Amino acid sequence: MKTVLFLLASLLFISNAETNAQGKISGQITDEKSKIVEFANVILLKAKDSTLVKGVLSDGSGSFKFEKIPSGEYLVNISQVGYKKFYTPKFSLDADNPSVKLSNLILSEDSKQLAEVQVVAKKPFIEQQIDKTVVNVENSIVSAGATALEVLEKAPGVTVDKDGNISLKGKQNVMVLMDGKPTYMSATDLANLLRNMQSSQLEKIEIMTNPPAKYDAAGNAGVINLRTKKNQNMGLNGSATVGYGYGFYKSLPKENGSLNLNYRQGKLNVFGNFSANNRKSFQINEINRRFVENGKSLSGFDQVANSDKKNHSFSAKMGADYFLDSKNTIGILFNGMSGNHSEILDNQAIVKNGLGQQDSTSITKGDISNGWSNYSTNINFKHVIDSTGKEWTMDADYARYNNNSDMKYRTSKFDLSNILRQTRNEDGMTASKIDIYSIKADLVYPITKTSKFEAGLKSSYVNSNNDMRFEFLVGDLNSRVPDPTRSRDFLYKENINAGYVNYSTAFKKLSVQLGLRVENTIGQGTLKGKELLNRNYTNLFPSVFLREKLSEKHQLGLSYSRRIDRPSYEDLNPFLYFLDPYTFQKGNELLQPQYTDAVELSHTFMDAITTTINYSRTNGVMTDILQQNNAQKLTNVTKYNIGYVDNFGIAFSVPVPITKWWFSNTYFNLYNNHYVGDIPKVTIEANGTENTIYQPLDARATTYNFNMTNQFTLPKKFSLEVSGWYQSGFVEGQLVGKPMGSVSFGIQKKMMKDKATLKLNVNDVFWTQRFRGSFAFNDIDVQIMNRWESRTARVSFTYRFGNNKVKAARQRQTGLEDEKGRVKNGGN
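Each residue is numbered by its place in its chain's sequence as written, counting from 1. Predicted model: local features are reported for residues with pLDDT of at least 70 only, side-chain atom pairs are reported and counted for 80 or more only, and whole-chain, interface and lining totals are derived from all residues. Each side-chain value is derived from all of the structure's non-hydrogen atoms; neither hydrogens nor water enter the calculation.

Undergrad: Sorry if this is basic, but what is going on with the overall build of the protein chain here?
TA: Counting from the N terminus, the helices are the DSSP runs of H or I reaching at least four residues and the strands are the DSSP runs of E reaching at least two. Each helix and strand counted, the protein chain has 5 helices and 47 strands in total. Three exposure classes are used, based on accessible area relative to the maximum for each residue type with a 1.4 Å probe and protein chains only: buried under 20%, partly exposed in between, and exposed over 50%. Counting all 828 residues of the protein chain, 54% fall into the buried class. Residues count as neighbours in contact if any of their non-hydrogen atoms are within 4.5 Å of one another. Summarising the internal contacts of the protein chain: among those between residues at least 6 apart in sequence, 67% fall at separations of at least 24. Carbon and sulfur atoms form 57% of the exposed surface of the protein chain, whose accessible area is close to 36700 Å². Method for areas: the Shrake-Rupley scheme with a 1.4 Å probe, in which residue coverage is limited to the protein chains shown.

Here it is, written out as structure tokens:
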């Protein structure tokens with residue numbers, strides 16, 4: 001800890017080394033009514049020939065300052081929307097007069113300009129930028145009323161499986177950030193969070209397949225950053241949205257509402273986002289499995305599981321930024337979400353003998369109630385060293401996650417004559433509490449106009465406490481007997497200390513960025529007070545980015561990075577999570593991190609059409625392995641390190657304005673995944689002894705996916721959107737998946753002088769979005785089909801109020817928004 005504090009102090013010392021430079025010019029800008037003019041463009045010119053020296057923006061108090069200015073004669077030009085340009089008289093800066101404070105900087109309104117100019121430009125739904133792909137959520141008609149997880153399904157290169165797990169370009173373990181900050185959640189909890197987050201809360205989604213050293217090294221597939229809305233116009237303004245939808249299959253209702261508020265005046269900016277969500281949905285699972293030994297079928301299950309779900313959630317985001325002066329800004333942010341989830345299960349399984357004939361029927365009724373909450377607080381500080389772009393930022397964070405579930409399972413087994421032969425009744429409880437503490441500092445230090453040095457430090461501490469209790473109900477159901485195999489208390493503590501340096505420079509046509517990140521991880525896990533794992537390891541993660549401008553229309557890019565994926569807390573936890581008496585999931589405390597080396601070559605034509613070729617190898621790849629106990633007819637899924645996976649692919653992003661009223665964006669990705677490793681198989685001897693043997697796996701598949709968005713501008717302020725996506729068959733370890741896709745449609749009408757928007761959409765029009773797959777490996781033969789309420793119709797109405805003009809406003813990044821760190825991918 002002393003080392004971290006010393007390095008933080010060193011950053012502060014370096015950042016302040018320039019603050020004593022001589023030669024300063026300052027002033028404060030007002031208008032004819034003595035009102036402060038914020039964020040005006042202030043340009044320092046040489047008096048001799050009016051050549052540019054430096055440029056800055058006035059701060060929230062209308063003040064500005066130029067530093068490190070050599071002796072000479074100068075003048076200042078000031079401009080702002082709605083005002084006439086202003087020039088100061090010529091003045092001198094020399095040894096006798098090293099500091100000049102300009103006075104009478106009063107701007108006059110320009111009658112030739114509109115006093116207020118409305119923003120009418122519209123960003124496309126998908127933008128391809130140099131280092132990332134941006135999905136502008138609020139500009140999509142078919143995304144209105146949808147959840148954040150449903151919006152992600154429409155993003156280029158992103159796929160979401162039946163359980164809500166997110167993949168990017170065929171690779172799992174994506175690092176998901178919220179406003180540049182880590183989610184700290186397991187894949188299951190993250191999917192639950194995104195299902196309860198409305199699209200109206202999102203401004204855009206940023207997708208980076210090869211992020212630089214500034215980002216935490218977690219996430220072999222890359223980074224997906226969800227940016228929530230934050231209005232930055234002057235005065236009081238905001239928007240309100242209400243929506244209603246229903247599913248076609250069971251006509252289950254879905255209601256949502258949100259309110260965005262922003263107040264910005266002078267040095268203070270206060271903002272808030274509040275939303276509520278009420279949804280009903282369903283899910284159907286069909287599982288057919290055979291238990292095979294030495295090629296002979298022993299028994300089988302034909303299983304159908306129906307579940308009816310209810311979700312209620314409320315979320316709030318509140319924050320404030322305060323401009324202390326022209327160089328210092330402090331901010332505070334609170335994020336919170338709470339909700340409850342209930343699920344009624346009806347699981348029916350037909351048990352068959354080795355000849356495929358029905359032997360018995362097992363029916364399991366389940367009642368699950370889940371309450372969860374999470375909140376985080378951030379305090380951030382930003383210091384601008386001088387007008388050349390030098391700055392440092394600091395962030396301190398605390399987050400708390402709570403998740404509690406109560407489960408009731410009632411199982412009845414009937415013979416061929418439908419006579420009850422056996423019952424099994426059990427109640428369970430799980431509780432999870434996670435506390436996260438983090439502190440980080442970042443320095444941006446331009447060296448010349450074309451080169452820049454960046455450095456940062458970060459330290460985080462996570463405490464994850466998980467408890468599980470299960471009991472059998474016997475006799476008249478009032479007597480309870482604890483189940484020791486499912487009664488555990490798992491505690492995991494982790495400390496990650498990291499630092500990075502990044503250097504970028506540009507030559508005539510070539511841009512270069514070099515980065516190096518180091519991370520030390522200390523982890524300790526205990527089960528019922530007994531140490532289960534203890535780890536301490538340090539890794540280096542280099543990154544290289546090259547970009548060559550071949551001509552005005554062609555650019556070529558090459559990048560390399562090394563990344564890590566640590567096991568999630570959920571995967572390390574040795575709990576048994578039962579779906580029914582015959583199917584469960586188990587954690588693996590021996591799971592190790594996986595490491596990925598990735599190379600990407602890209603070509604950009606006219607800053608729009610992009611072609612990317614990528615290759616990566618992940619060593620120690622973590623994969624879900626399905627295992628069966630033939631004697632007890634049990635099936636379980638556990639994650640193991642099996643070997644390596646090679647991913648090779650090519651992708652095309654083609655945004656094309658076909659006509660003035662028709663814009664099309666197409667994304668196509670072709671990739672091959674090749675898994676090589678050893679699959680563990682656990683056998684049980686007659687005396688109950690477990691033996692593990694390893695069977696070789698060599699599986700590969702070439703997969704393609706594409707999505708297309710077409711937006712049409714119609715007369716009378718109507719607009720139309722038609723979008724669709726498709727993924728062919730794929731391979732993930734033992735799992736072989738079949739094709740799936742969907743088509744969506746939406747129409748929009750602007751009204752009330754463009755302050756209101758009405759949207760109507762239908763998602764998955766033909767109800768083709770379903771998961772089908774199989775596990776067929778040695779003596780395992782399992783077929784899976786999963787369907788959910790993806791075909792829905794929604795209507796939403798949004799009204800914007802207050803000052804929605806651009807007068808005296810600018811888009812900026814606070815110290816909070818610059819924060820790009822994360823601790824790890826996962827947590828439970």
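Once you've had a look at it, read on.
Undergrad: Looking at this structure, how should I read the pairing of strand β35 (residues 622–629)?
TA: The side chains of a regular strand alternate, residue by residue, between the two faces of the sheet. With 7 of 8 residues buried, β35 lies mostly within the body of the structure. Strand pairing follows a simple DSSP-based rule, namely that at least 2 bridges must link the two strands. By the bridge criterion, 8 bridges tie β35 to strand β36 (residues 634–641) in an arrangement that is antiparallel. When the bridges of β36 are listed, Met 622 appears paired with Asn 641. In sequence, β35 turns back onto β36 through a hairpin of 4 residues, with Lys 633 there showing a positive phi of about 60 degrees.

Undergrad: What should I look at first to understand the pattern of salt bridges in this one?
TA: Opposite charge on two side chains permits pairing when their charged atoms draw close. Each reported salt bridge corresponds to a side-chain nitrogen of Lys or Arg within 4 Å of a carboxyl oxygen of Asp or Glu. Applying the stated criterion across every chain, the model contains 24 salt bridges. Between Glu 519 and Arg 517 there is a salt bridge whose closest N-O contact spans 2.8 Å. Under the relative-accessibility criterion, Arg 517 is labelled buried at 4%. The partner of Asp 597 in a salt bridge is Arg 562, and the shortest N-O contact between them spans 2.9 Å. Highlighted residues: Asp 597 in strand β33 (residues 594–605) and Arg 562 in strand β30 (residues 554–565), separated in sequence by 35 residues. You can call Asp 597 partly exposed: its relative accessible area is 23%.

Undergrad: Looking at this model, I keep getting lost on the packing of aromatic side chains. Mind explaining?
TA: The geometry of two aromatic rings is summed up by the distance between their centres and the angle between their planes. Working definition: a ring pair exists when centres of Phe, Tyr or Trp rings (six-membered ring for Trp) sit within 6.5 Å. Plane angles under 30 degrees give stacked, over 60 give edge-to-face, the rest tilted. Tallied over the entire structure, the rule returns 13 aromatic pairs. Taken together, a centroid distance of 6.1 Å and an interplanar angle of 25 degrees make the contact between Trp 661 and Trp 662 stacked. Given a relative accessible area of 45%, Trp 661 falls into the partly exposed group. Between Phe 668 and Tyr 704, the aromatic rings sit 6.1 Å apart at their centres with planes inclined by 25 degrees, giving stacked as the arrangement. Here Tyr 704 lies in strand β39 (residues 690–713) and Phe 668 lies in strand β38 (residues 662–684), a separation of 36 residues in the sequence. Looking at Tyr 704, the relative accessible area reads 31%, which means it is partly exposed.

Undergrad: Explain the nonpolar core here, please?
TA: As a rule of thumb, nonpolar side chains are buried together in soluble globular proteins. To qualify as a nonpolar core, a set must consist of buried Ala, Val, Leu, Ile, Met, Phe, Trp, Tyr and Cys residues joined through side-chain atoms within 4.5 Å. Counting residues in hydrophobic clusters, the biggest one holds 23 residues, and the most contacted among them are Leu 152, Val 158, Ile 166, Ile 205, Ile 207, Ile 224 and Leu 226. Of all the secondary-structure elements, those providing two or more residues to this core are α2 (148–153), β11 (158–160), β12 (166–168), β13 (175–178), β15 (202–208) and β16 (223–228). It is α2 that provides the largest number of residues to this core, a total of 4 residues. Discounting residues that sit within four places of it in the chain, Ile 205 has contacts with Thr 133, Val 134, Val 135, Val 137, Val 151, Leu 152, Ile 224, Asn 225 and Leu 226. Ranked by size, the runner-up nonpolar core spans 21 residues in total, among them Val 37, Ala 40, Ile 69 and Phe 86.

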